Amino acid sequence: MEDHDLTRYEITKPTYLSLLQEIDKLLNLSSNLNKSDLSEIETIFNNVTENIDRLTNQMDFQKSTMFFITILNTIVRMSAISGSDILISRQAFQSMYEKLNYFIMYILNEKDCSPMFANDILDSIFLNLVIDDFVEICFKRLLSNETILTIGFVTTNEEFSQYDRIDFPKIIEQYIGHANTCVSIAVIRSKYEFSNRYSSLMIYLQEFINNYLTTANHHHIRTRLLYVIASILTLIWNLTDKIALIPIFIDTGYIQKSIEWICTDIFASHINILGNPIISIIHNLSRDKIGLKQLRTKKTFDILMERKQLINDENNEDLTKVFGRAVIALAVNDEQSENNKKFILDTSEILYQSSKDANQDVELKSDGYHLSELLELLHRAFTNTYVIKHILEDMDNEKSAVIQYFAELFLSFYGVLLDPEPDELEKRAVKYLVKILLQISSYPEYLKELIENNQFYIIIQSLANRSQRDDVKRIWCNIQQIMIPNVPKKEMSPMIYISYDYTDEEFCREFVKELRKKSTIPIWIDYENVELCDGMWEYVSSTILSATVVIILVSTAYVESTDKFQELSYIISTNKSRDENKGLIIVTMEPNFNFKRSWMKDLLHDKIMIPYDNNIGYMASNVCEQMGVSKKSLVKSLRCQVRNVQRKTVQSDGFTENFESSPTPTKAYVQKESPNKTNDTNILSTSKKESKNCIAAGLMTQTGSAGDLTWM
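Because the structure is a prediction, the values reported are computed rather than measured. (Residues numbered from 1 in each chain as written. Predicted model: local features only at pLDDT ≥ 70, side-chain atom pairs only at ≥ 80, totals over all residues. Heavy atoms only, no water.)

### Brief notes about the overall build of the protein chain
Secondary structure summary: the protein chain contains 37 helices and nine strands in total. Counting across all 712 residues of the protein chain, residues that qualify as buried make up 53%. Within the protein chain, counting contacts between residues at least 6 apart in sequence, those at least 24 apart form 78% of the total. Accessible surface, the protein chain: about 33,300 Å² in total, of which carbon and sulfur atoms supply 49%. (Helix = DSSP H or I, 4+ residues; strand = E, 2+ residues; numbered from the N terminus. Buried < 20%, exposed > 50% of the residue type's maximum accessible area, 1.4 Å probe, protein only. Contact = heavy atoms within 4.5 Å. Areas by Shrake-Rupley, 256 points an atom, 1.4 Å probe, with all protein chains shown as cover.)

So this is what it looks like as structure tokens:
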């Protein structure tokens, strides 16, 4: 008899589907709540609590997880219904929710929760918020003055303190928290799909944060609501950690709003809670070129510095680190950096040490930051001369150790450059590592130490022969300049090379047009000769070597560009082949222009400077005057040089022209793909370099090894 009753009890236990059907009833019952329904609702809550363990054991990991998320989505929707505090306050609900929330947290921290599975859970949560504009209903309820606990229906229980008791703000805080955990694990399949589905959700989140931070009285803050805001901000922080998603947040206005949030009284009074996520969002947005430009235009650096004392007063190590990284990312001139020199140097030291720690980590992370992000920040920090000198020289006299660390790091990661389907974060890490090595190679005293690493030397030479390796080619050009002995100046056909920033192309085109009206010297400008791509340095570098005159069009954008720093450094290093007085001319593109970076001032302070004028034609005339030739005398000089060139049967580096019949230089067309053949100027005369050329040549056709390295 007892066995029969037990079997009967097992049969009547809720199944997976029947329990979901009961959960679905909650929305209807809660919408028209009366006291008679409370008993049925509590029965459903108790059924979930009592059977969730048993049902979980009967399902596989993925099915049980989606079962929990489905229940949670329904519970969250029920909680947002007006008057639902009556249900939330019931002991049955409290017990059920606590157990359900525990299971979901456990699942998301399980090793079986793969990135793709986390993405499915995230989609389920986000879609629940998007459908029927449910997120708007939630936020209206949060911002209302509705009583959190309804007197008369509260079940007192010593097990639940007032702080631990579940209410609607806490449900939303934890619900967003689960989404946060998913984002940190998930791999976003498509940024376009994410944008189409969830841009509206991101706008709702922004509006809710903005309403709270800009309109609430900071003297009367509801603590529970503050934690909901912090949870949402952390979600945005984690989402903007995904590089591909940053443009979505730029397009939806997060830059302007983030700046406004920093300026609020609530931010100042609750910086311990709001500081980390908001400043981190700003830092993440600065990792996008458009985002960085907008942030700098809005003087975000200055706004952040107004909060520096508040951050110092918090004495919070994590907050200080986050603040330091944002400051390094946003500094636009040396004056800003100089005023915060010690702080920036301290932050740079931490970044360097963190990069070393991340390199030892299986996931390449340190303090939650991926190696790629740390190297990107170091690259920006190294735009300040005093930072790179401090890190490479002043840190316990470890000059060689620091330089060799970056060289060895490159040797362990350069294979990513050869991988047809590389990991995106590793690809980004190598990108900024190469840029750091390029910065180091721009200083002759540091470059000598780099090339003492034979393996580094060989790999750089080999990669420089490949297409689409612009920064590597720049490093190789710097190596060549230091390896090739000084040679006497030789007679070259006149040619002008124009260096400018791409954002100033409109001015550049007008300037070149006016310059050609007043001079017949051939002008080489990139947009007429090569496609703007990663492989153009191969053509640019050889043209710089061939140019008799280099004109630099300087602007704020030029000064802020690290690529232009490398190009200008190379131009200066090759200037010995030009006329010392007329071979380099600086043209300012802005009124009252001043050098915001000390590196540019150091390189150009003694060069010819043409000030800005509203009349570009007048500026072009001044350039011709500084070159010391009139158009008439120049034509005569060019004819003589052409005759000399014809007698010697020597061509002028791809710019041979018949100036008598065609005063306008013919456009030099180049292939999109860089040729594999190495330029003659790349051949080193020393026996050491000849042997290394042989080794590097072998790398192109076979697999070899040196030490513990392998090349393809």
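### A short note on helix H25 (residues 424–441)
In this model H25 runs 26 Å from its N-terminal to its C-terminal C-alpha over 18 residues, within 8% of the 26 Å that 1.5 Å per residue would give. Most of H25 sits out of view: 13 of its 18 residues are buried. (Expected span 1.5 Å × (residues − 1).)

### Notes on the packing of helix H4 (residues 61–79) against helix H6 (residues 91–108)
Two elements in contact, H4 and H6, have axes whose closest approach is 10 Å; the angle formed by their N-to-C orientations is 140 degrees. The angle between the axes of H4 and H6 places the two elements in the oblique class. Regarding H4 and H6, the two cross each other, and that crossing is left-handed. When H4 is examined against H6, the residues Phe-61, Thr-65, Phe-68, Ile-69, Ile-71, Leu-72, Ile-75, Met-78 and Ser-79 are found in contact with a partner set consisting of Phe-93, Met-96, Tyr-97, Leu-100, Phe-103, Ile-104 and Ile-107. (Axes fitted to C-alpha atoms, helices over the stretch in contact; angles between N-to-C directions. Parallel < 35°, antiparallel > 145°, perpendicular 65-115°, else oblique. Left-handed = near helix turned anticlockwise from the far one by under 90°.)

### A look at the UniProt feature "coiled-coil region" (unreviewed entry) in the protein chain
In the numbering used here, UniProt assigns the "coiled-coil region" (unreviewed entry) feature to residues 38–65. Between the C-alpha atoms that bound residues 38–65 the distance is 28 Å, and the span itself is 89% helix and 0% strand. (UniProt positions renumbered as here; feature names shortened; annotations may be inferred.)

### Considerations on the packing of helix H11 (residues 223–240) against helix H15 (residues 271–285)
Direction vectors running N to C along H11 and H15 enclose 25 degrees, while the axes themselves pass 9 Å from each other. In this view, H11 runs roughly parallel relative to H15, as classed from their interaxial angle. Handedness of the crossing formed by H11 with H15: left-handed. Across from Leu-226, Tyr-227, Ile-229, Ala-230, Leu-233, Thr-234, Ile-236, Trp-237 and Thr-240 in H11, the residues of H15 making contact are Ile-273, Leu-274, Asn-276, Pro-277, Ile-278, Ser-280, Ile-281, Asn-284 and Leu-285. Class assignment for the residues of the contact of H11 with H15 results in 13 nonpolar, five polar and no charged. (Nonpolar A, V, L, I, M, F, W, Y, C, P; charged D, E, K, R; others polar.)

### So, the pattern of salt bridges
Considering all chains together, one arrives at 22 salt bridges under this definition. Among the ionic pairs, Lys-321 bridges to Asp-367, the shortest N-O distance being 3.1 Å. One end of the pair, Lys-321, is in helix H19 (residues 317–330); the other, Asp-367, is in the loop between strand S1 (365–366) and strand S2 (369–370), with 46 residues separating them in the sequence. Owing to a relative accessible area of 51%, Asp-367 belongs among the exposed residues under this scheme. Asp-471 is paired through a salt bridge with Lys-435; the nearest N and O atoms lie 3.1 Å apart. (Salt bridge = Lys/Arg side-chain N within 4 Å of Asp/Glu carboxyl O.)

### Focus: the pairing of strand S3 (residues 496–499)
Of the two faces of S3, the one lined by Ile-496 and Ile-498 and the one lined by Tyr-497 and Ser-499 are each fully buried. Here S3 runs beside strand S4 (residues 523–524); their pairing, made up of two bridges, is parallel. Of the residues in S4, the one forming a bridge with Tyr-497 is Trp-524. Considered for its hand, the β-α-β crossover made up of S3, helix H29 (residues 505–518) and S4 is right-handed. (Pairing = 2+ DSSP bridges. Right-handed = clockwise from strand over helix to strand, strands pointing away.)

### Focus: the side chain of Asp-526
Within the secondary structure, Asp-526 sits in helix H30 (residues 526–529). The side chain of Asp-526 sits in the buried core without any salt bridge; Lys-564 is the nearest counter-charge, 5.6 Å away. Only 2.7 Å separates the side chain of Asp-526 from the side chain of Tyr-500, close enough to count as a polar contact. (Lys, Arg positive; Asp, Glu negative; His and termini not counted. Polar contact = N/O pair within 3.5 Å; in protein donor to acceptor, adjacent residues only side chain to side chain.)

### Thoughts on the sheet that holds strand S7 (residues 608–610)
With respect to topology, five strands assemble into an open sheet ordered S4-S3-S5-S6-S7, the strand pairing being parallel. In the strand order of this sheet, the two ends are held by S4 and S7, each with one partner. Each of S3, strand S5 (549–554), strand S6 (584–588) and S7 touches helix H35 (residues 616–627); the most contacted strand, S6, lies at about 160 degrees to it.

### Side note on the packing of aromatic side chains
In the structure shown here, the tally under the stated rule is 23 aromatic pairs. Note on Phe-382 and Phe-406: the rings are 6.3 Å apart at their centroids and 80 degrees apart in plane angle, and the pair reads as edge-to-face. Here Phe-382, found in the loop between helix H22 (371–381) and helix H23 (385–394), pairs with Phe-406, found in helix H24 (residues 399–413); they are 24 residues apart in sequence, far enough to count as distant. The class for Phe-406 is buried, based on a relative accessible area of 0%. With a centroid separation of 5.4 Å and an interplanar angle of 45 degrees, the aromatic rings of Tyr-443 and Tyr-446 are classed as tilted. Here Tyr-443 matches Tyr-446 in class, with each residue buried. Following the ring pairs from residue to residue traces out a cluster consisting of Phe-67, Phe-68, Tyr-102 and Phe-103. Geometry around Phe-168 places Arg-141 over its ring, the cationic atom sitting 4.5 Å from the centre. (Phe/Tyr/Trp six-rings, centres within 6.5 Å; stacked < 30°, edge-to-face > 60°. Lys NZ or Arg CZ within 6 Å of the ring centre and 35° of its normal.)

### As for unusual backbone geometry
A positive phi is found at Asp-367, a non-glycine position, where the angle reads about 55 degrees. If you check the backbone angles, Asn-592 has positive phi at about 55 degrees while not being a glycine. Along the polypeptide, Asn-592 turns up in the loop between S6 and helix H34 (598–604).

### Observations regarding the nonpolar core
Membership of the largest hydrophobic core comes to 170 residues, with the highest contact counts inside it found for Phe-93, Phe-126, Met-202, Leu-274, Leu-375, Phe-406 and Phe-410. Apart from the residues within four sequence positions on either side, Phe-93 is in contact with Phe-45, Ile-75, Met-78, Ser-79, Leu-87, Ile-88, Ile-166 and Ile-171. (Core = buried A, V, L, I, M, F, W, Y, C linked by side-chain atoms within 4.5 Å.)

### A few points about the environment of Ile-121
Inspection of the secondary structure puts Ile-121 in helix H7 (residues 115–130). Taking the C-alpha atoms as reference points, Ile-121 and Ala-186, separated by 65 residues in sequence, lie 9.2 Å from one another. With residues up to four places along the chain from it excluded, the contact list for Ile-121 reads Thr-65, Met-66, Ile-69, Leu-108, Cys-113 and Cys-182.

### Things to note about the pairing of S6
Burial of S6 is extensive: five of the five residues sit out of reach of the surface. Side chains of S6 alternate between two faces, with Leu-584, Ile-586 and Thr-588 and Ile-585 and Val-587 buried alike.

### Some points on H19
Think of an α-helix as 3.6 residues a turn; residues three or four steps apart then line up on the same face. Between its first and last C-alpha atoms H19 spans 20 Å; for 14 residues at 1.5 Å apiece the expected length is 20 Å, and the two agree. Among the 14 residues in H19, 11 count as buried, and that is most of the element. Here H19 has its buried residues at Leu-319, Lys-321, Val-322, Phe-323, Gly-324, Arg-325, Ala-326, Val-327, Ile-328, Ala-329 and Leu-330. Two or three places before Asp-318, at the start of H19, stands the capping residue Asn-316, its side-chain oxygen 3.0 Å from that residue's backbone nitrogen.

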